[in-house]
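# What the coordinates show
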Amino acid sequence: MYKENRLTYIVNDKCIGCKYTDCVDVCPVDCFYEGENMLVIHPDECIDCGVCEPECPVDAIKPDTEPDAAEWVEFNRKYSEQWPNITIRRDPLPDADKMDGESGKFEKFFSDKAGEGD
């Protein structure tokens, strides 16, 4: 029996505090979901097209084949089922430039609160 191996992209902690939405603007299947201070991708909705990855100015979007991506797949799944869908581009968070490259972002800044969505 043939089982299709689906790939997906994930958003990691580099997005926290930045929340650029350039990726949302190019996604053909609207699989991004918005938290208070970051985005996630629903892994079952992602079609592995890859158009979002180069759009992220902070390099927060990675294929699930990257090292340590497995934990992020489940993280993205969990929050994409709780947070609202976002399909429109918005301005990044006010301190996005300052937060780019900040270390320990998950421990210091992650919020499980939902964003606005569309």
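Anything mentioned here points back to the structure above.
Described in the following lines is the structure provided in the data block.

## Looking at the nonpolar core
- With 32 residues, the main nonpolar core has V11, F32, M38, I41 and I61 as its most contacted residues.
- No other element matches helix α2 (residues 69-80), which puts five residues into this core.
- Excluding its chain neighbours within four sequence positions, the residues that come into contact with M38 are V11, N12, C15, I16, K19, Y33, F75, W83 and F110.

## Focus: unusual backbone geometry
- The phi angle at K19 is positive, at roughly 55 degrees, despite the residue not being glycine.
- With respect to the helices and strands, K19 occurs in the loop between β1 (9-11) and α1 (22-26).
- Notably, D68 is not glycine yet its phi reads approximately 70 degrees, a positive angle.
- You can see D68 is positioned in the loop between β4 (61-63) and α2.
- In this structure D68 comes out as exposed when scored by relative accessible area, which is 60%.

## Regarding the pattern of salt bridges
- Counted by the stated rule, this structure contains nine salt bridges.
- Between E34 and K19 there is a salt bridge, with the nearest N and O atoms lying 2.8 Å from each other. One end of the pair, E34, is in strand β2 (residues 32-34); the other, K19, is in the loop between β1 and α1, with 15 residues separating them in the sequence.
- On the basis of relative accessible area, K19 is assigned to the buried category, the value being 8%.
- Residues R89 and D22 are paired through a salt bridge, measuring 2.8 Å at the closest nitrogen-oxygen approach.

Analysis parameters
- Residues numbered from 1 in each chain as written.
- Predicted model: local features only at pLDDT ≥ 70, side-chain atom pairs only at ≥ 80, totals over all residues.
- Heavy atoms only, no water.
- Core = buried A, V, L, I, M, F, W, Y, C linked by side-chain atoms within 4.5 Å.
- Buried < 20%, exposed > 50% of the residue type's maximum accessible area, 1.4 Å probe, protein only.
- Helix = DSSP H or I, 4+ residues; strand = E, 2+ residues; numbered from the N terminus.
- Contact = heavy atoms within 4.5 Å.
- Salt bridge = Lys/Arg side-chain N within 4 Å of Asp/Glu carboxyl O.

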